[in-house]
Amino acid sequence: TGAITIDPGYKNTGSCKSAITFLDGEEGILRYRGYAIEDLADKANFLEVSYLLVFGELPTSAQLEKFENDIRKYTLVNEEMKTILEGFPRTAHPMGVLSALTSALTAFNPKSVNVENEKEMYEAVCKTMGKFLVIATWTFRRRMGYPLNYYDNTKGYVDNFMRLMFELPTGPYKMDSKVVAALDKLFILHADHEQNCSTSTVRIVGSSHAGLFASISAGVSALWGPLHGGANQAVLEMLQEIHDNGGDVAKFVLKAKDKDDPFRLMGFGHRVYKNFDPRATIIKKAADDVLTALGVDDPLLDIAKQLEKVALEDEYFKARNLYPNVDFYSGIIYRAMGIPVEMFTVLFAIGRLPGWIAQWKEMRTSKEPIGRPRQVYTGSPSRAFKNIQDR
Ligand code: CMC
């Protein structure tokens, strides 16, 4: 087999060829299927971008309408899933519940999709997009003890997300179109990011020919961690902590630089972006716009801005090319929209879903072999077995 090269964290290892997302970390460029993220965030909507990622081309209006309708057909979730949901304590973290519910969907959709069959694949895509959105909002309803809502077929996908989350039996939910537009944009910015931790997880799980729901459930678990998608929750908690400690930003920057202190500035740094994260640039502006439009004055936004300024001028952060990433400002917007902090990473998951599906589909249709890295063994050499009474 020859010598094995170890690359911890796969920092320099390409795991696949992919035609979905282009990322240039030095230049801060991100494109989906060749289209600049700035254009997509500005001019397209989330389902349009989802279609683009999964099927490779921007949809025509007829294709987009059909896609939206086909997703709607799959937004009813089996009633028995509710029993599973109710089995969770209300205090359970929504990401754990989401991962488990996504996995549970396999029980109600046991037939695995034939990736060679275009129609079957298309239906699987719509089904996943439909059901995942609904169960994602269920994790919140369970937490709050609210009754579950059904998808409203007269409304759009992102609009439905807000209604499924917040509409109460006491009356219709007053939708703010600015909130829906901002959320749509945030979903687009999160929709794919080539071979990040959760996407690589989805691909590797799927490479054993495990089904789509099972692979995505694993992706949700990978996303949950604070070094990945969980950073958006961690950022807000950090900003709150700074605020509650008198807003001393410099003190926290000092802590982050201290190698004896495990604390890191959450929302800073990126494996690939070494100049700036183009998504963060768009989100920072969106945060300003949304807060102004909603008339929200959030002291945490001021703290975030101060923190960014101090860190960007600091030698430690400069030398290591550490910049705010996508998660740094997103939480501020979610908070202004009234989304509770434990749901932030669930929103990331909804945004990332089309990317996971597209990557899973690409991996299977390009007939990638099972993912199975090697290792260098560092354990004990061969030794004689000792009977239990002799140990
Ligand atoms: N605060 C303080 N120091 C940091 C930070 C940070 N946020 N990030 C990296 N460093 C330091 C790190 O200690 C190391 O220093 P040294 O060379 O002296 O040992 C150097 O910078 C390189 O860091 P690394 O950990 O080797 O880099 P990585 O590519 O393995 O990790 C990262 C990337 C994103 C996990 C890391 O920057 C981090 O933990 N950031 C905070 C969590 C975060 O915001 N995650 C969201 C990432 S973007 C969206 C997503 O993927 O979900």
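Naming follows an unreviewed UniProt entry, where the protein appears as Citrate synthase of Flavobacterium chuncheonense. According to the UniProt record, the Catalytic activity (unreviewed entry) comment for the protein is "oxaloacetate + acetyl-CoA + H2O = citrate + CoA + H(+)". Under Sequence similarities (unreviewed entry), UniProt gives the following word-for-word description of the protein: "Belongs to the citrate synthase family."

For the rest of this paragraph, the subject is the overall build of the protein. The helix and strand inventory of the protein stands at 17 helices and 3 strands. Compactness check: the protein gives a C-alpha radius of gyration of 22 Å against a globular reference of 21 Å for 391 residues, within 12% of the reference. Seen along its three principal axes, the alpha-carbon backbone of the protein occupies a region of about 70 × 55 × 50 Å. The buried share among the 391 residues of the protein stands at 45%.

For an interface, size is often stated in terms of accessible area lost upon the parts coming together. If you check the domain split of the protein, you get domain 1 (18–224 + 351–365) and domain 2 (231–336). Using only C-alpha atoms to locate each centre, domain 1 and domain 2 end up separated by 27 Å. Taken together, the elements giving at least two residues each to the side of domain 1 that touches domain 2 come down to strand E2 (29–32), helix H1 (37–43) and helix H8 (177–190). The dominant element in the side of domain 1 that touches domain 2, judged by the number of residues it contributes, is H8, at 6 residues. When its residues are assigned to classes, the side of domain 1 that touches domain 2 shows 8 nonpolar, 3 polar and 5 charged.

The subject of this paragraph is the pairing of E2. Each regular strand displays side chains that alternate between the two surfaces of the sheet. Alternating residues of E2 divide into Leu-30 and Tyr-32, all buried, and Ile-29 and Arg-31, none buried. Here 4 bridges tie strand E1 (residues 21–24) to E2, and the two strands are oriented antiparallel to one another. Along E2, the bridge assignment pairs Phe-22 with Arg-31. Here E2 pairs with strand E3 (residues 35–36) via 2 bridges, running antiparallel. Residue pairing for E3: Tyr-32 is matched across the bridge by Tyr-35. With antiparallel pairing between neighbouring strands as the criterion, E2 and E3 make up a hairpin whose turn holds 2 residues, including Arg-33 at a positive phi of roughly 50°.

On to helix H7 (residues 157–166). An α-helix turns once every 3.6 residues. As a result, residues three or four positions apart point the same way. Within H7, 7 of the 10 residues are buried, which leaves the element mostly enclosed by the surrounding structure. Those residues of H7 not exposed but buried are Tyr-157, Val-158, Asn-160, Phe-161, Met-162, Leu-164 and Met-165. Close packing links the buried residues of H7 with helix H2 (46–55), helix H3 (61–72), helix H6 (118–144), H8 and helix H17 (344–365).

Among the nonpolar cores identified, the biggest contains 116 residues, and Val-49, Leu-98, Ile-188, Ile-333, Ala-349 and Ile-350 are the most heavily contacted of them. Composition of this core by domain shows at least three residues from each of domain 1 (18–224 + 351–365) and domain 2 (231–336).

Strands belonging to one sheet form pairs held by backbone hydrogen bonds; the direction of such a pair is parallel or antiparallel. Read across the sheet, 3 strands follow the order E1-E2-E3 without closing on themselves; strand pairing throughout is antiparallel. Looking at strand neighbours, the two that pair on one side only are E1 and E3, the edges of this open sheet.

The subject of this paragraph is the packing of H3 against H6. Put simply, H3 and H6 touch, their axes get as near as 8 Å, and they point 60° apart. In terms of orientation, H3 lies oblique with respect to H6. In terms of crossing hand, the pair formed by H3 and H6 is right-handed. Contact with H3, carried on its side by Asp-70, Ile-71 and Arg-72, involves Cys-126, Met-129 and Gly-130 of H6 and no other residues of that element. Classifying every residue of the contact of H3 with H6 by side-chain character gives 3 nonpolar, 1 polar and 2 charged.

Take the site of the ligand next. Around the ligand, 20 residues are found, and the nearest of them are Ala-231, Arg-264, Gly-269, Arg-271 and Asn-325. For the shell around the ligand, the residue count by class is 8 nonpolar, 8 polar and 4 charged.

Despite not being glycine, Tyr-10 shows a phi value in the positive range, around 50°. Along the chain, Tyr-10 falls in the segment before E1. Judged by the 13 C-beta atoms lying within 10 Å of it, Tyr-10 is partly exposed.

This paragraph deals with the packing of H6 against H17. One can describe the packing of H6 onto H17 by two numbers: an axis separation of 10 Å at closest approach and a directional angle of 160°. Relative to H17, the element H6 is oriented roughly antiparallel. Taken as a pair, H6 and H17 cross one another with a handedness that is right-handed. For the pair H6 and H17, the contacting residues are Met-121, Val-125, Thr-128, Met-129, Phe-132, Leu-133, Ala-136 and Thr-139 in the first and Val-346, Ala-349, Ile-350, Leu-353, Ile-357 and Lys-361 in the second.

Right, let's get into the confidence of the model for the protein. The predicted model of the protein has a mean per-residue pLDDT of 95, with 100% of residues at 70 or higher. Among the scores for the predicted complex, ipTM is 0.97 and pTM is 0.96.

This next bit is on the environment of Thr-75. Mapped onto the elements, Thr-75 comes out in the loop between H3 and helix H4 (79–86). What makes Thr-75 buried here is the crowd of 21 C-beta atoms within 10 Å. Residues Thr-75 and Asp-159, spaced 84 residues apart in sequence, show a C-alpha to C-alpha distance of 14 Å. Those residues within four positions of Thr-75 in sequence are excluded, and the remaining contacts are Gly-130, Lys-131, Val-134 and Tyr-151.

What counts, and at which threshold
Residues numbered from 1 in each chain as written. Predicted model: local features only at pLDDT ≥ 70, side-chain atom pairs only at ≥ 80, totals over all residues. UniProt positions renumbered as here; feature names shortened; annotations may be inferred. Helix = DSSP H or I, 4+ residues; strand = E, 2+ residues; numbered from the N terminus. Rg over C-alpha atoms; globule rule 2.2 N^0.38 Å. Buried ≥ 20, exposed ≤ 12 C-beta atoms within 10 Å, placed from the backbone. Domains from an automatic or database assignment. Nonpolar A, V, L, I, M, F, W, Y, C, P; charged D, E, K, R; others polar. Pairing = 2+ DSSP bridges. Contact = placed C-beta atoms within 7 Å. Core = buried A, V, L, I, M, F, W, Y, C linked by C-beta atoms within 7 Å. Axes fitted to C-alpha atoms, helices over the stretch in contact; angles between N-to-C directions. Parallel < 35°, antiparallel > 145°, perpendicular 65-115°, else oblique. Left-handed = near helix turned anticlockwise from the far one by under 90°. Near = placed C-beta within 6 Å. pLDDT = per-residue confidence, 0-100.

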